[in-house]
Amino acid sequence: MGNIRKQSLYSSAVIITGFVVGAINMWFFTSNNYFTAEEFGLTRAFFDIAQNFMAFASLGLPAVMYKFFPYYQDNLEKKDNDLLAIAMIGGTIGFILLMVAGILFEPLVIRKFQYRSALLVEYYYWIFPFTYFYLFYFLLESYSWLHRKTVLPNFLKEAGVRLLTTVIILLKIAGIIDFDTFIKLFSFTYGGIFITIIIYLIREDHFHLNFSISRVTKKFYRKMLTLFSLTYLSQIINTLAVTFDSILLASMNGLAVTAAYNLATYAINLAMIPQRALAPITISHLSQAWKDKNIPEISRIYSRSSINLLAGGIFIVVNIWLGMENAMQFLGMNEEYFSILAILFVLGLSKLVELGTGVNNYIIGTSLFWRFEFYSGIILLALTIPLNYFLIRAYGLNGAVISELIRVSVYNMIRMYFLWYKFKLQPFNSKTLVLLLTSAGCYLLPLLLFRNIDGVAGLLLKCGSFSILFCVTVYFTKVSPDVDQLIAVGKKRLGIGK
């Protein structure tokens, strides 16, 4: 776990940097009337729609790479490895099919969005260059992860694209460009990091496009096609399930409501920093462990990922619960965005459920039972679409977050049961209960003591006291062996103790 822990710390630092840059961008979008709520909502709609487009155009290729990369690496020289070429050719075919589908379904988009989200209809075709570079960056990022090169790709995705966004935001605020030019430049932001990752992979000697069919491909192509056929649909289903609420809000309630919802999800997604840092590193380790049939190692990763992700998630989510209102007041955010305060608690719970169940999705996805992701995804989609439709129609923004909590809870319970039934793997132990109980106490104390203090003082007192209490409690209860090991390494480097 030492290598995983070390790389995840570096990746966490990178992702935190990205979130800081993103938070600055969010402030520009939501304060001082630099952008209308509809304009901000359009940028968020670009991301949500592009995720679905990318799921369609990627043809399930990342899952194929994750599963079969160890066989290519162990049996071929770098120059003979044709896996990257397969991914790039497949992505090109997928994007061409996407463009054809996009043209055919344009009348449907106009019919569903023209009244409440007219800007989305106006800039519909600019989503395609955004998706193109997003897609090919995603494929190259996945390939980098498999080579255990995670820090720079994470920086590019988490901070690089946001820094490029900051530049064009400042151009818009300075009056150098108007919103029309802004959104067109915005659609090419992933182009910059796509070019950068190609240069990086070339320098690391990992960018080899071999268009000759290798003996590994000849041996495994039937299994690869089988995996592709199911994981492709699974990827589309999972992406649609995650983004359907935001797209439905844009259709039923307009881009302004979508903007508020995305601001809330952006804030609460800070809790996903530990998972986003851990995922790129664990995928290659899990893939190798399944190849070696090393169940104890898989169990260890599962258990430790659960307690570490849950602890990190609680720390972030509770700080958001305690300090968000004070922070929004201090930053002078437009009043129309204060509606998110009512939904942050439920959104936070959904993230804690997801984090607490560990890396179950990657364990299943890299195993011989990857088909289960497809079947469980169908169940998820069958639940999500009607649930979102009726709850959002009845309760708007509140309906969206209730649906999200139900979706995440059901999906992770299914995954947990499957891993227990097949392998007797489960992520929890007595330390999980200790962490939950002590965290509740650490949350309630500053909430009760400082609930009537406004402004920066309230923010610092509530968040500061919780952070200190939580960190001290985690250390003395020893809920995570990784925390103890990190502290030991820190003491050693500082010359403290023996």
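None of these values were measured; they are calculated from a predicted model.

Rules behind the numbers
The numbering scheme is per chain: residues are counted from 1 as the chain's sequence reads. The predicted origin of the model limits local features to residues at a pLDDT of at least 70 and limits the giving and counting of side-chain atom pairs to 80 or more, whereas totals for whole chains, interfaces and linings rest on all residues. Here the side-chain values reflect all heavy atoms present in the structure, with hydrogen atoms and water set aside. Only DSSP runs of H or I covering at least 4 residues are called helices, and only runs of E covering at least 2 are called strands; the numbering of each starts at the N terminus. Radius of gyration: over C-alpha atoms. The globule rule applied is 2.2 Å multiplied by the number of residues raised to the 0.38 power. Buried means the residue's accessible area, taken with a 1.4 Å probe over protein chains only, is under 20% of the maximum for its type, while exposed means over 50%, and partly exposed covers the values in between. Any two residues whose heavy atoms approach within 4.5 Å at even a single point are treated as in contact. Under the convention used here, a 1.4 Å probe and the Shrake-Rupley method define accessible areas, while residue burial counts only the protein chains that appear. For the purpose of counting charges, residues Lys and Arg are taken to be positive, whereas Asp and Glu are taken to be negative. His and the chain ends are not included. The atoms used to mark charge sites are NZ of Lys, CZ of Arg, CG of Asp and CD of Glu. To be clear, the arc concerns the directions from the helix axis to the C-beta atoms. The span expected for a helix works out to 1.5 Å for each residue beyond the first. Axes are fitted to the seven residues ending at a residue and to the seven starting at it; the angle between these axes is taken as the bend at that residue. Only rings of Phe, Tyr and Trp enter the pairing, Trp through its six-membered ring, and a pair is recorded when the two centres are within 6.5 Å. The plane angle decides the type: under 30 degrees is stacked, over 60 is edge-to-face, the rest tilted. Salt bridges are counted wherever a side-chain nitrogen of Lys or Arg sits within 4 Å of a carboxyl oxygen of Asp or Glu. Residues enter a nonpolar core if they are buried and are Ala, Val, Leu, Ile, Met, Phe, Trp, Tyr or Cys, with the set joined through side-chain atoms within 4.5 Å. To count toward a patch, a residue needs a relative accessible area above 30% and no salt bridge. Like charges then connect within 9 Å, nonpolar side chains (Val, Leu, Ile, Met, Phe, Trp, Tyr) within 5 Å. Values of pLDDT, the confidence the predictor places in each residue, fall between 0 and 100. Working definition: a disulfide is two cysteine sulfur atoms within 2.5 Å of each other.

**Here's the deal with the overall build of the chain**
Logical step 1: Assigned secondary structure in the chain consists of 21 helices and 0 strands.
Logical step 2: The C-alpha atoms of the chain give a radius of gyration of 23 Å, which matches the 23 Å a tight globule of 498 residues would have.
Logical step 3: In terms of principal-axis extent, the alpha carbons of the chain reach across some 70 × 65 × 45 Å.
Logical step 4: Per-residue burial over the chain gives 55% buried out of 498 residues.
Logical step 5: Put simply, of all contacts in the chain between residues at least 6 apart along the chain, 84% involve residues at least 24 apart.
Logical step 6: As presented, the chain carries roughly 21900 Å² of accessible surface, and 67% of it is formed by carbon and sulfur atoms.
Logical step 7: In the chain, 41 side chains carry a positive charge and 27 a negative one; their mean positions are 11 Å apart.

**Some points on helix α9 (residues 179-186)**
Logical step 1: The set of residues buried in α9 consists of Phe 179, Phe 182, Ile 183 and Phe 186. Down the axis, α9 shows its buried residues gathered within 90° of arc, on one side only.

**Digging into the side chain of Ser 403**
Logical step 1: With respect to the helices and strands, Ser 403 occurs in helix α18 (residues 397-423).
Logical step 2: For Ser 403, a relative accessible area of 1% gives the class buried.
Logical step 3: When residues no more than four places from it in sequence are discounted, the contact partners of Ser 403 are Thr 384, Leu 387, Asn 388 and Leu 391.

**A look at helix α8 (residues 151-173)**
Logical step 1: In a regular helix each residue adds 1.5 Å, so 23 residues correspond to 33 Å; α8 covers 32 Å between its end C-alpha atoms and thus fits that length.
Logical step 2: Along α8, the largest kink reaches about 35° and is centred on Lys 157.
Logical step 3: The first or second residue beyond α8 is Gly 175, which carries a positive phi of 80°.

**Things to note about the packing of aromatic side chains**
Logical step 1: Taken as a whole and assessed by the stated rule, the structure comprises 48 aromatic pairs.
Logical step 2: Taking 6.2 Å as the distance between ring centres and 75° as the angle between the ring planes, the aromatic pair formed by Phe 29 and Phe 182 counts as edge-to-face. Taken together, the residues span a long stretch of sequence, with Phe 29 in helix α1 (residues 2-30) and Phe 182 in helix α9 at a distance of 153 residues. Accessibility assignment for this pair places Phe 29 and Phe 182 in one class, buried.
Logical step 3: On the numbers, 4.7 Å between centres and 20° between planes, the contact of Tyr 134 with Tyr 190 is stacked. Remark: Tyr 190 occurs in helix α10 (residues 189-203) and Tyr 134 occurs in helix α7 (residues 127-146); sequence separation between them is 56 residues.

**What to know about the pattern of salt bridges**
Logical step 1: Counted under the stated rule, the structure contains 8 salt bridges.
Logical step 2: Close ionic contact of Asp 74 with Lys 291 constitutes a salt bridge, the shortest N to O distance being 3.3 Å. Pair noted here: Asp 74 is in helix α3 (residues 61-75) and Lys 291 is in helix α13 (residues 273-291), with a separation of 217 residues, a long-range link.
Logical step 3: Salt-bridge contacts for Asp 180 lead to Lys 184; the nearest nitrogen and oxygen are separated by 3.0 Å. Here Asp 180 and its partner Lys 184 are both found in helix α9, 4 residues apart, which amounts to about one turn of the helix.

**So, the environment of Trp 126**
Logical step 1: Of note, Trp 126 is situated in the loop between α6 (118-122) and α7.
Logical step 2: Residue class for Trp 126 comes out partly exposed when judged on its relative accessible area of 28%.
Logical step 3: Taking C-alpha positions, Trp 126 is 8.7 Å from Phe 46, a pair spaced 80 residues apart along the chain.

**Details of the nonpolar core**
Logical step 1: The biggest cluster of nonpolar side chains holds 138 residues, and the ones touching the most others in it are Phe 182 and Leu 435.
Logical step 2: With residues near it in sequence (within four places) discarded, Leu 435 still touches Ile 307, Leu 310, Ala 311, Ile 314, Phe 470, Val 474 and Val 479.

**Some details on a nonpolar patch on the surface**
Logical step 1: Side chains of Ile 89, Ile 93, Leu 97, Leu 209 and Phe 211 sit close together on the surface and give an oily, nonpolar patch of about 460 Å² of accessible area.
Logical step 2: In this structure, Ile 93 sits in helix α4 (residues 83-104).

**Some points on the confidence of the model for the chain**
Logical step 1: Summing up the model confidence of the chain, the mean pLDDT is 84 and the portion of residues at 70 or higher is 94%.
Logical step 2: Summarising per-element confidence for the chain, the mean pLDDT is lowest in helix α21 (residues 481-494) (59) and highest in α9 (95).

**Quick word on the state of the cysteines**
Logical step 1: Using the criterion set out here, one finds 0 disulfides in the structure.
Logical step 2: Unpaired in terms of disulfides, Cys 463 finds its nearest cysteine sulfur in Cys 471, a separation of 12 Å.
Logical step 3: A disulfide-free cysteine, Cys 471 has its sulfur positioned 9.2 Å from the sulfur of Cys 442, the nearest such atom.
Logical step 4: According to the relative accessible area criterion, Cys 471 is partly exposed, its value standing at 44%.

**Structural notes on the side chain of Ser 350**
Logical step 1: Here Ser 350 shows up in helix α15 (residues 344-356).
Logical step 2: Using a relative accessible area of 0% as the deciding quantity, one classes Ser 350 as buried.
Logical step 3: The residues touching Ser 350, leaving out its near neighbours within four places in the chain, are Glu 404, Leu 405 and Val 408.

**Section: unusual backbone geometry**
Logical step 1: Phi at Asp 205 takes a positive value of approximately 60°, unusual for a residue other than glycine.
Logical step 2: By the element assignment, Asp 205 lies in the loop between α10 and α11 (215-252).
Logical step 3: Classification of Asp 205 by relative accessible area gives partly exposed; the value is 38%.
Logical step 4: Here Lys 478, not a glycine, exhibits a phi torsion of approximately 55°, which is positive.

**Observations concerning the environment of Arg 111**
Logical step 1: Tracing the backbone through its elements, the reader meets Arg 111 in helix α5 (residues 106-113).
Logical step 2: Judged by relative accessible area, Arg 111 falls into the exposed class, the value being 52%.
Logical step 3: Distance in space between the C-alpha atoms of Arg 111 and Ser 251 is 9.7 Å, their sequence separation being 140 residues.

**What to know about the environment of Glu 325**
Logical step 1: Residue placement: Glu 325 occurs in helix α14 (residues 295-331).
Logical step 2: The class for Glu 325 is partly exposed, based on a relative accessible area of 42%.
Logical step 3: Aside from chain neighbours lying at most four places away, what touches Glu 325 is Phe 338 and Leu 341.

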